[in-house]
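Overview (structure and organization)
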Amino acid sequence: METGQRRHAHEPAPVDVDAIDLLMDDHRLVREYFAHIEATAHASNAADRHRKPDLIRQVCDEIEMHSRIERDIFYPAVRAAFKESDDVMVDDAERDHDEVDRLVAELRALRPEDESRADELLVQLRKAVEAHLHEEEESMFTKARAQIDAMAVGRQLAQQKRAIAEERGQVC
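Cut-offs and rules
- Residues numbered from 1 in each chain as written.
- Predicted model: local features only at pLDDT ≥ 70, side-chain atom pairs only at ≥ 80, totals over all residues.
- Heavy atoms only, no water.
- Phe/Tyr/Trp six-rings, centres within 6.5 Å; stacked < 30°, edge-to-face > 60°.
- Buried < 20%, exposed > 50% of the residue type's maximum accessible area, 1.4 Å probe, protein only.
- Helix = DSSP H or I, 4+ residues; strand = E, 2+ residues; numbered from the N terminus.
- Contact = heavy atoms within 4.5 Å.
- 1 Å grid on protein atoms, 1.4 Å probe; cavity = no way out; pocket = protein on both sides within 12 Å on 5 of 7 lines; lining within 4 Å.
- Points joined across faces, edges and corners; volume = space filled by probe spheres on them.
- Nonpolar A, V, L, I, M, F, W, Y, C, P; charged D, E, K, R; others polar.
- Core = buried A, V, L, I, M, F, W, Y, C linked by side-chain atoms within 4.5 Å.
- Salt bridge = Lys/Arg side-chain N within 4 Å of Asp/Glu carboxyl O.

Each aromatic ring pair is specified by the distance between its two centres and by the angle formed by the two planes. Per the stated rule, a full pass over the model turns up 2 aromatic pairs. Summarising the aromatic geometry, the rings of Phe74 and Tyr75 are spaced 6.0 Å apart at their centres and angled 50° between planes, so their arrangement reads as tilted. In this pair, the class of Phe74 matches that of Tyr75, namely buried. Of the residues examined, Phe74 reaches a relative accessible area of 0% and is grouped as buried.

Attention shifts here to the environment of Lys52. Its location among the elements puts Lys52 in helix H3 (residues 52–81). Its relative accessible area of 10% is what places Lys52 among the buried residues. Sequence separation between Lys52 and Ile37 is 15 residues; the distance between their C-alpha atoms is 5.8 Å. Those residues in contact with Lys52 that sit more than four places away from it in its chain are Ile37, Thr40, Glu115, Asp119 and Leu122.

Glancing now at empty space enclosed by the protein. In the structure shown here, the tally under the stated rule is 2 cavities of 30 Å³ or more. A volume near 100 Å³ is recorded for the largest cavity. Together, Asp26, His27, Val30, Ile63, His66, Ser67, His97, Val100, Val129, His132 and Leu133 line the largest cavity. Breaking the lining of the largest cavity down by element, the ones donating at least two residues are helix H1 (19–41), H3, helix H4 (87–109) and helix H5 (115–147). Here the residues of the lining of the largest cavity sort into 5 nonpolar, 5 polar and 1 charged.

Another aspect to go through is the nonpolar core. Ranked by size, the top nonpolar core spans 23 residues in total, and within it Phe74, Met140, Val153 and Leu157 carry the most contacts. Among the elements of the structure, H1, H3, H4, H5 and helix H6 (150–167) are those that each provide at least two residues to this core. The greatest single-element share of this core, amounting to 7 residues, is contributed by H3.

Here the focus is the layout of surface pockets. By rolling a water-sized probe across the atoms, one finds the places where empty space is left. The calculated volume of the largest pocket comes to roughly 470 Å³. Around the largest pocket, the lining is made up of 18 residues, and of these Lys52, Pro53, Ile56, Pro112 and Ala118 lie nearest the centre. If you list the elements that add at least two residues to the lining of the largest pocket, you get H1, H3, H4 and H5. In terms of residues, the lining of the largest pocket owes the most to one element, H3, which gives 5 residues. Tallied by class, the residues present in the lining of the largest pocket amount to 8 nonpolar, 2 polar and 8 charged. As a volume, the second largest pocket reaches approximately 180 Å³.

A complete count under the given rule lists 27 salt bridges for this structure. Linking Glu94 and Arg79 is a salt bridge whose minimum nitrogen-to-oxygen distance equals 3.1 Å. Taken together, the residues Glu94 in helix H4 and Arg79 in helix H3 connect sequence positions 15 residues apart. Among the salt bridges present, the one from Glu120 reaches Arg117, with a minimum N-O distance of 3.1 Å. Here Arg117 and Glu120 lie together in helix H5, a separation of 3 residues that amounts to about one turn. For Glu120, a relative accessible area of 43% corresponds to the partly exposed category. Take Arg117: its relative accessible area is 26%, and that puts it in the partly exposed class. The structure contains a network of salt bridges with shared partners spanning Arg57, Asp61, Glu64, Arg108 and Arg168.

Take a look at the structure:
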């Protein structure tokens, strides 16, 4: 995927893709989901407001997939390439994922009538996700691009995303 091209939700990443580009594309997609969720809160018609549960499910799916590929493939590759003194960057990112994963699990466990609690969790989740994305984009990705084989890692990330999508029955 060329820089600037965008992948749609549940569309598998191309096999030949730079790891950082793939992860940045995921970041854009998650931000778009949050914007759509926020827009449903201000929607004037019931049909748009009723999309919110589906959008929440979709953003949770995307976050979980992204978390899994980062933890399973990207972070180990980064950790192997970085100096030991830079391990703290990966440790911090993994702690961020722990918090985000906890919030996603709590959000998924809610009943439909728990809308006010869902809204509170969405605010917390968005804040945690945005902080994490900012840290990755501003420091980790730049350093990683210079130190890992971004195309080889990108192929692994894309393959795992395809496998996860197949597990979920999302492959066309």
